[in-house]
Amino acid sequence: MRATDRPAIETIVDLDLYEMPLSMLLPAGNVAALEPWRHLFEGDHVDYARGMVRIAIKSNVARVGGQTILVDACVGEHKERPQRVEWHQRQGTDFLSKLAQVGCRPEDIDIVMCTHLHADHVGWNTRLENGKWTPTFPNARYIVGYEELAYWQAQAAKSPEVNHGSYQDSVLPVLEAGMIDTVAANDEVADGAVIVPLPGHTAGQIGLQISQLNGPDVLFCGDAIHSPVQVPYPEWASFLCFDPSAAINTRESIIERASSSDLVLAPAHVREAFGMRIKREGARHRPIFCDCFGRPV
Ligand SMILES: [Zn+2]
């Protein structure tokens, strides 16, 4: 298949399954409150009996405006992450062969879009070559929110091991290679691909809204929604959130937008579906798991 014949959006799953106790990931949450949505969440997204939230770690390749954009770069390989055993010193993950299966060599990526700089979103920004961290995508511009980069620069200057050391091994080498472009709200990074601010989860998280020729708009929204259980309960902020109340506002606002349009939300960690459409249900909302065209899956 030639690149031009490929689907506009394709997903690469780096790690599935990744589980965390609901009470740890979303401290305000509890499994009992999710009982009305058991038919939606049991199995793929929540293990009700064990009180676990189930997520995946994913990238997406979006072909838009003549550009090939990699949205988020997952965990990577050979990274020192001793505090997270599933991320630590990974090898042979076949991420790059999965990329090849969707028609992309590393040199084909024009833009790497980092929704935010957490360690599970920047890992493949770099790879180890001759003992040195080297940008994986040699022809790409790496897009990062202005506030996001400034925040982690300041944090890493104080303590290099912050955020599992990922600034040092997955951001700084790209910055030193002169390959990072900082962006702000409403910047159009390609024809039909616009930056949307999504603050709260981190200091300067951003999303990317894509216009599709043959389908609804898609908003790659990073960790603005960490788990689909936050659709009925947007007030459950994650323990990782930089500013929980801003994170809640951001989440409520994209859920509201999606519920009153055909916008497809594509969070980085939702399992077994590309993303979600949103439907109002009484005082709350529920997700409709879907493919990138908004078709239920
Ligand atoms: Zn995150």
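Each remark here, short or long, concerns the structure printed above.
Residues numbered from 1 in each chain as written. Predicted model: local features only at pLDDT ≥ 70, side-chain atom pairs only at ≥ 80, totals over all residues. Heavy atoms only, no water.

Undergrad: Could you give me a rundown of the overall build of the protein chain, with the residues and numbers involved?
TA: Counting its secondary structure elements, the protein chain contains seven helices and 16 strands. In terms of C-alpha radius of gyration, the protein chain reaches 18 Å, essentially the compact-globule figure of 19 Å for 297 residues. With respect to the principal axes defined by its C-alpha atoms, the protein chain has extents near 55 × 45 × 35 Å. Here the protein chain holds 297 residues, and the buried ones make up 58% of them. Long-range contacts, defined here as pairs at least 24 residues apart, represent 66% of the contacts in the protein chain between residues at least 6 apart. In the protein chain, 26 side chains carry a positive charge and 38 a negative one; their mean positions are 3 Å apart. (Helix = DSSP H or I, 4+ residues; strand = E, 2+ residues; numbered from the N terminus. Rg over C-alpha atoms; globule rule 2.2 N^0.38 Å. Buried < 20%, exposed > 50% of the residue type's maximum accessible area, 1.4 Å probe, protein only. Contact = heavy atoms within 4.5 Å. Lys, Arg positive; Asp, Glu negative; His and termini not counted. Charge placed at Lys NZ, Arg CZ, Asp CG, Glu CD.)

Undergrad: How would you explain the nonpolar core if you had to name every residue and give the values?
TA: Counting residues in hydrophobic clusters, the biggest one holds 68 residues, and the most contacted among them are Leu34, Phe41 and Leu265. The residues touching Leu265, leaving out its near neighbours within four places in the chain, are Leu219, Cys221, Ile225, Ile254, Ala258, Gly275, Met276 and Ile278. Membership of the second largest hydrophobic core comes to 23 residues, among which are Ala62, Ile69, Val189 and Val264. (Core = buried A, V, L, I, M, F, W, Y, C linked by side-chain atoms within 4.5 Å.)

Undergrad: For the coordination of the zinc ion, give the residues involved together with the corresponding values.
TA: Donor atoms from the polypeptide that coordinate the zinc ion comprise His116 (NE2), His118 (ND1), His201 (NE2) and Asp223 (OD), at 2.2 to 2.3 Å from the metal. Seen from the zinc ion, its four donor atoms lie at angles of 88 to 172 degrees, and the figure they make is irregular. Spacing between the donor residues of the zinc ion along the chain follows H-x1-H-x82-H-x21-D. Here the residue His201 occupies a position in the loop between strand 11 (193–197) and strand 12 (206–210), and Asp223 occupies one in the loop between strand 13 (218–222) and helix 7 (244–259), the gap between them amounting to 22 residues. (Donors = N, O, S within 2.8 Å, 3.2 Å for Na, K, Ca; no water. Tetrahedral: all angles 85-135°; square planar, octahedral: opposite > 155°, others 65-115°.)

Undergrad: Go over the pattern of salt bridges, please, and point to the residues and values.
TA: Under the definition given, this model contains 19 salt bridges. Measuring nitrogen to oxygen at the nearest pair gives 2.9 Å for the salt bridge that ties Glu42 to Arg38. For Arg81, the salt bridge identified is with Asp169, shortest N-O distance 2.9 Å. Of this pair, Arg81 sits in the loop between strand 4 (67–71) and helix 3 (95–101) while Asp169 sits in helix 6 (residues 166–176); the two residues are 88 residues apart in sequence, bridging distant segments of the chain. (Salt bridge = Lys/Arg side-chain N within 4 Å of Asp/Glu carboxyl O.)

Undergrad: Could you give me a rundown of the packing of helix 5 (residues 146–158) against helix 6, with the residues and numbers involved?
TA: Running from N to C, helix 5 and helix 6 point in directions that differ by 120 degrees, and their axes come no closer than 12 Å. In terms of axis orientation, helix 5 runs oblique to helix 6. Where helix 5 crosses over helix 6, the two elements pack in a sense that is left-handed. Note on element contacts: helix 6 touches helix 5 through Tyr167, Gln168, Val171 and Leu175, opposite Leu149, Trp152, Gln153 and Ala156. Classifying every residue of the contact of helix 5 with helix 6 gives six nonpolar, two polar and no charged. (Axes fitted to C-alpha atoms, helices over the stretch in contact; angles between N-to-C directions. Parallel < 35°, antiparallel > 145°, perpendicular 65-115°, else oblique. Left-handed = near helix turned anticlockwise from the far one by under 90°. Nonpolar A, V, L, I, M, F, W, Y, C, P; charged D, E, K, R; others polar.)

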